[in-house]
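Here are the chains, one letter per residue:
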Amino acid sequence: MYLHGTSKINAKGHLEIGGCDTTELAKEFGTPLYVVDEALVRQRAREYVEAFRASGLNFQVAYASKAFSVMAMCAIAEQEGLSLDVVSDGELYTALQAGFPAGRIHFHGNNKTPEEIVMALDANIGCFVVDNFTELKLLNALAGEKGKKANILLRITPGVEAHTHDYISTGQQDSKFGFDLANGSAYRAVKEAIEQPNLVLLGVHSHIGSQIFEVEGFKMAVDKVAAFAIKVRDELDVTFKVVNLGGGFGIRYTAEDKPLPIREYVKAITDAVISNFTAAGFPLPEIWVEPGRSIVGDAGTTLYTVGTTKEIPGVRKYIAVDGGMTDNPRPALYQSKYEAVLANRANEPAEETVSIAGKCCESGDMLIWDLDLPKANIGDLLAVFCTGAYNYAMASNYNRIRRPAVVFVKDGQADLAVKRESLHDIVANDVIPQRLRKAPTGK
């Protein structure tokens, strides 16, 4: 059993996180329940900051809020000195409501609406990461209408394919994101950007994918970005002050995953930056990165209550829990794998191999296909590890299932960060049109 962060098995044989017995958490807050190990979140954030400080470079570590965007998480990011990435008005609003400093917010996305851009301009955010020519002109026009100048980075696709799932690879040439280096779009974007009177070009952004376990892809991306920066300086007399190298740093979900320590990712990136830019006589740019999953992923655990079972002799035994793809769609989307234990019987030896099914009306609603567990009973508590990233963020109301609560635990204290949705919440935005309220005619 691999335990993350402050997790341990206590004297009662129960899983404990942040000094809190998970069986007591389930009693108090119900299940399904997202449990966030606050100490581990803060530790991961500090590992990034300390690694960059050791490099001597100017830097920003921006938490990618798409991984897990709630006000409590924004508050922690601010307290740990991080910047923040947002990709929608909802994420921006969450950050602003949490009191996050707007000057440290970066707005991403391949299709920012005019309304979102205006909202961000009004908030005086620190930077827009511009994704395409349409946005370049739209942002310039909207900034001009408000008498403002917007700081921008141009997102470029460097042609580096990360070794990860196709749906979370973004640095290759065939991508919906960014200006392509190979076909000249990135170069043309720089020329157009510096001609826009209401935009200030700070530099470029590159992101090669997610859940990456090696440094070669990052080093290759630095090589390509540096070569582009030098070309732009020599031919257009434009010097990039900022180079954003994205995120994508992997975490351990199962024993198959072999992530590197954070300091090794950072050292590989900063060494490559120093080497490339120094050799070209280029002033060292400020380096930005955007970790999301690697800050919150292994700090999250989801608690479920075991319900029904179905055994097909010689084939498989299914154990159903009171959640599923509504609170964790990643297995259905990416064939993601997880580890889990019976939180209330964590010291007991495994007796059988089972598959964990969700309660949604979908055959694909499976959380874990093969899991060794003690013989589970109705009412047992199943804890699925590493659900901090892209679980709550992707949760839905499919089958009109209510989204779970979120609690942050630290030093024996459990604090509610997100209330469990109520049945009233499920219908709160529904409206029955007046014409449907008429008495039936029988025809």
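Report follows, based on the coordinates. This one's a predicted model, so the numbers in the text were calculated from it and none came from an experiment.

Thresholds applied
Residues numbered from 1 in each chain as written. Predicted model: local features only at pLDDT ≥ 70, side-chain atom pairs only at ≥ 80, totals over all residues. Heavy atoms only, no water. Phe/Tyr/Trp six-rings, centres within 6.5 Å; stacked < 30°, edge-to-face > 60°. Helix = DSSP H or I, 4+ residues; strand = E, 2+ residues; numbered from the N terminus. Buried < 20%, exposed > 50% of the residue type's maximum accessible area, 1.4 Å probe, protein only. Lys NZ or Arg CZ within 6 Å of the ring centre and 35° of its normal. Pairing = 2+ DSSP bridges. Right-handed = clockwise from strand over helix to strand, strands pointing away. Axes fitted to C-alpha atoms, helices over the stretch in contact; angles between N-to-C directions. Parallel < 35°, antiparallel > 145°, perpendicular 65-115°, else oblique. Left-handed = near helix turned anticlockwise from the far one by under 90°. Contact = heavy atoms within 4.5 Å. Nonpolar A, V, L, I, M, F, W, Y, C, P; charged D, E, K, R; others polar. Core = buried A, V, L, I, M, F, W, Y, C linked by side-chain atoms within 4.5 Å. Expected span 1.5 Å × (residues − 1). Salt bridge = Lys/Arg side-chain N within 4 Å of Asp/Glu carboxyl O.

1. Points about the packing of aromatic side chains
Part 1 of the reasoning: The full count for this structure, using the stated rule, is 13 aromatic pairs.
Part 2 of the reasoning: Measuring from ring centre to ring centre gives 6.3 Å for F107 and F128, while their planes differ by 10 degrees; the resulting arrangement is stacked. You can see F107 sitting in strand 7 (residues 105-107) and its partner F128 sitting in strand 8 (residues 127-130), a full 21 residues away along the chain. Like F128, F107 is buried.
Part 3 of the reasoning: Three or more aromatic residues joined by ring pairs form one cluster here, namely Y34, F68, Y392 and F408.
Part 4 of the reasoning: The ring of Y187 carries K231 above its face, with NZ or CZ at 4.9 Å from the centroid.

2. Some points on the pairing of strand 6 (residues 83-86)
Part 1 of the reasoning: Here strand 6 shows no split at all, with S83 and D85 on one side and L84 and V86 on the other all buried.
Part 2 of the reasoning: As paired elements, strand 5 (residues 59-64) and strand 6 share three bridges and run parallel to each other. Counted as the bridge partner of A64 is D85 from strand 6.
Part 3 of the reasoning: Crossover strand 6 to strand 7 through helix 4 (residues 89-97) is right-handed.

3. Quick look at the pairing of strand 5
Side-chain direction in a regular strand flips from residue to residue, so the side chains alternate between the two faces of the sheet.
Part 1 of the reasoning: The buried fraction of strand 5 is high, at five of six residues.
Part 2 of the reasoning: Note that the unit made of strand 5, helix 3 (residues 71-79) and strand 6 has a crossover that is right-handed.

4. Let's talk about the packing of helix 8 (residues 216-236) against helix 9 (residues 262-279)
Part 1 of the reasoning: One way to put it is that helix 8 packs onto helix 9 with a least axis distance of 9 Å and a crossing angle of 25 degrees. Taken together, the axes of helix 8 and helix 9 are roughly parallel relative to one another. The interaxial crossing formed by helix 8 with helix 9 has right-handed handedness. The segment helix 8 lies against helix 9, with F218, K219, V222, D223, A226, A229 and I230 engaging Y265, A268, I269, A272, V273, N276 and F277.
Part 2 of the reasoning: The residue inventory of the contact of helix 8 with helix 9, partitioned by class, reads 11 nonpolar, one polar and two charged.

5. Regarding the sheet that holds strand 2 (residues 15-17)
Part 1 of the reasoning: The strand order across the open sheet built from three strands is 1-2-3, with neighbouring strands paired in antiparallel fashion. On the outer flanks of this sheet lie strand 1 (8-9) and strand 3 (20-21), each paired with one strand and no other.
Part 2 of the reasoning: Taken together, the two bridges between strand 2 and strand 3 define a ladder with antiparallel strand orientation. Residue E16 lies in a different strand from strand 3, and its bridge partner there is D21.

6. Here's the deal with the environment of K219
Part 1 of the reasoning: Topologically, K219 is positioned in helix 8.
Part 2 of the reasoning: Sequence-wise, K219 and G250 are 31 residues apart; in three dimensions their C-alpha atoms are separated by 16 Å.
Part 3 of the reasoning: Leaving out residues up to four positions away in the same chain, K219 has contacts with A268 and A272.

7. Thoughts on the nonpolar core
Part 1 of the reasoning: Core analysis: the biggest nonpolar cluster contains 91 residues, and Y63, F128, I152 and L154 have the highest contact counts within it.
Part 2 of the reasoning: The greatest single-element share of this core, amounting to 10 residues, is contributed by helix 8.
Part 3 of the reasoning: In this structure, L15, L342, A376 and A405 belong to the second largest nonpolar core, which totals 36 residues.

8. Points about the packing of helix 7 (residues 185-195) against helix 8
Part 1 of the reasoning: Between helix 7 and helix 8, the least distance of the axes is 11 Å, while the angle of their chain directions is 45 degrees. On the basis of the axis angle, helix 7 is oblique to helix 8. In this structure, helix 7 meets helix 8 at a crossing whose hand is right-handed. Here A186, Y187, V190 and K191 of helix 7 come into contact with helix 8, specifically with F228, K231, V232, E235 and L236.

9. What to know about helix 2 (residues 38-55)
Part 1 of the reasoning: Over its 18 residues, helix 2 runs 27 Å from end to end, which matches the ideal 26 Å to within 8%, given 1.5 Å per residue.
Part 2 of the reasoning: Turning to helix 2, its buried residues number three or more, namely E38, L40, V41, R42, R44, A45, Y48, V49, A51, F52 and S55.
Part 3 of the reasoning: Positive backbone phi, approximately 85 degrees, marks G56, located one or two places after helix 2.

10. Digging into the environment of G323
Part 1 of the reasoning: Along the chain, the position of G323 falls in the loop between strand 15 (316-321) and helix 11 (330-334).
Part 2 of the reasoning: Residue G323 is classed as buried on the basis of its relative accessible area, which comes to 1%.
Part 3 of the reasoning: In sequence terms G323 and A39 are 284 residues apart; their C-alpha atoms lie 26 Å from each other.
Part 4 of the reasoning: With near-sequence residues (within four places) excluded, G323 lies in contact with P32, Y304, G358, K359 and D365.

11. Quick look at the pattern of salt bridges
Part 1 of the reasoning: Taken as a whole and assessed by the stated rule, the structure comprises 23 salt bridges.
Part 2 of the reasoning: Between E348 and R345 there is a salt bridge, with the nearest N and O atoms lying 2.9 Å from each other.
Part 3 of the reasoning: Look at R345 and you get buried, because its relative accessible area is 14%.
Part 4 of the reasoning: Beyond isolated ion pairs, a larger network of salt bridges with shared partners links E38, R42, R46 and E80.

12. As for the side chain of T23
Part 1 of the reasoning: Structurally, T23 can be placed in helix 1 (residues 22-29).
Part 2 of the reasoning: Taking the relative accessible area as the measure of exposure, T23 reaches 12% and is therefore buried.
Part 3 of the reasoning: Leave out the neighbours within four places in its chain, and T23 touches H14, A343, N344 and L381.

13. A look at unusual backbone geometry
Part 1 of the reasoning: Cis peptide bonds are those with omega within 30 degrees of zero, and the linkage from T31 to P32 qualifies with -10 degrees.
Part 2 of the reasoning: Here P32 is to be found in the loop between helix 1 and strand 4 (33-37).
Part 3 of the reasoning: Unlike most non-glycine residues, Q335 shows phi in positive territory, near 60 degrees.
Part 4 of the reasoning: Note that Q335 resides in the loop between helix 11 and strand 16 (340-342).
Part 5 of the reasoning: Backbone geometry places C386, a non-glycine residue, at a positive phi of 60 degrees.
Part 6 of the reasoning: Mapped onto the fold, C386 is located in the loop between strand 19 (381-385) and strand 20 (405-410).
Part 7 of the reasoning: Judged by relative accessible area, which is 1%, C386 ranks as buried.

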